[in-house]
Amino acid sequence: MIKSDRIICALDLPNLNNIFNLVERIEYDIIFKFGMEFFYTFGYDGIEKLKNTRKNVKIFLDLKLHDIPNTVHETILGFHDCSIDMLTVHLSGGEEMLNKAILAGKYINAKVIGVSILTSLEESDTLALFDNKLDPQIRNLFEIAVKVNLDGVVC
């Protein structure tokens, strides 16, 4: 099996059997990304069943956590028995939230990835939400990610 932990495959499909079949057919040792649709439908059980479909399944849980620092911290700690490898938080949650996310991520041995601006947002949205144009706002958020030393960012 070819190993490439730099490839991430999004599997936000509505049917768990279809997901299992796809995972079994992929011949590479890659990271599988699951978002809210998957997690709210299949939960921890879906992740654990998926991890049992083959050896060394890597899970990227893309929930884009964004809340007060303690809530994000406790939410991440709640994944301690769920075997996830990566998870996402919103950079706009601020430095304290990000630092608490990083601490919790270290505790559960998961990388914390920052989400800058949702792809559905346009410049008019960032002006309304952040009083800033799109590109400068993304740059500001990336600077925060670097400052707190996140494991990565979603561009």
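Note: the structure precedes this text.
Procedures and definitions
- Residues numbered from 1 in each chain as written.
- Predicted model: local features only at pLDDT ≥ 70, side-chain atom pairs only at ≥ 80, totals over all residues.
- Heavy atoms only, no water.
- Helix = DSSP H or I, 4+ residues; strand = E, 2+ residues; numbered from the N terminus.
- Rg over C-alpha atoms; globule rule 2.2 N^0.38 Å.
- Buried < 20%, exposed > 50% of the residue type's maximum accessible area, 1.4 Å probe, protein only.
- Contact = heavy atoms within 4.5 Å.
- Expected span 1.5 Å × (residues − 1).
- Arc of directions from axis to C-beta.

### Observations concerning the overall build of the protein
Scanning the protein from N- to C-terminus turns up 6 helices and 6 strands. What you see in the protein, going N to C, is helices and strands ordered as β-α-β-α-β-α-β-α-β-α-α-β. For the protein, whose C-alpha radius of gyration is 16 Å, the value lies close to the compact-globule estimate of 15 Å for 155 residues. Principal-axis analysis of the C-alpha atoms gives the protein an extent of 45 × 30 × 30 Å. For the protein, the residues scored as buried account for 43% of the 155 residues in total. Taking the intrachain contacts of the protein between residues at least 6 apart in sequence as the baseline, contacts between residues at least 24 apart amount to 69%.

### Some points on helix α6 (residues 134-148)
Spacing of three or four residues puts side chains on the same side of an α-helix, whose turn is 3.6 residues. With 15 residues, α6 should reach 21 Å at 1.5 Å per residue; the first-to-last C-alpha distance of 22 Å fits that figure. Leu134, Gln137, Leu141, Ala145 and Val148 are the residues of α6 that are buried. Along the long axis of α6, the arc covered by the buried residues comes to 85 degrees, so they all point the same way. Turned more than 90 degrees away from the buried face of α6, the exposed residues are Asp135, Glu143, Val146 and Lys147. Against α4 (95-108), α5 (123-130) and β6 (152-154) lie the buried residues of α6. Phi turns positive one or two residues past the end of α6, at Asn149, with a value near 65 degrees.

Limitation: the analysis is restricted to geometry and does not speak to function.
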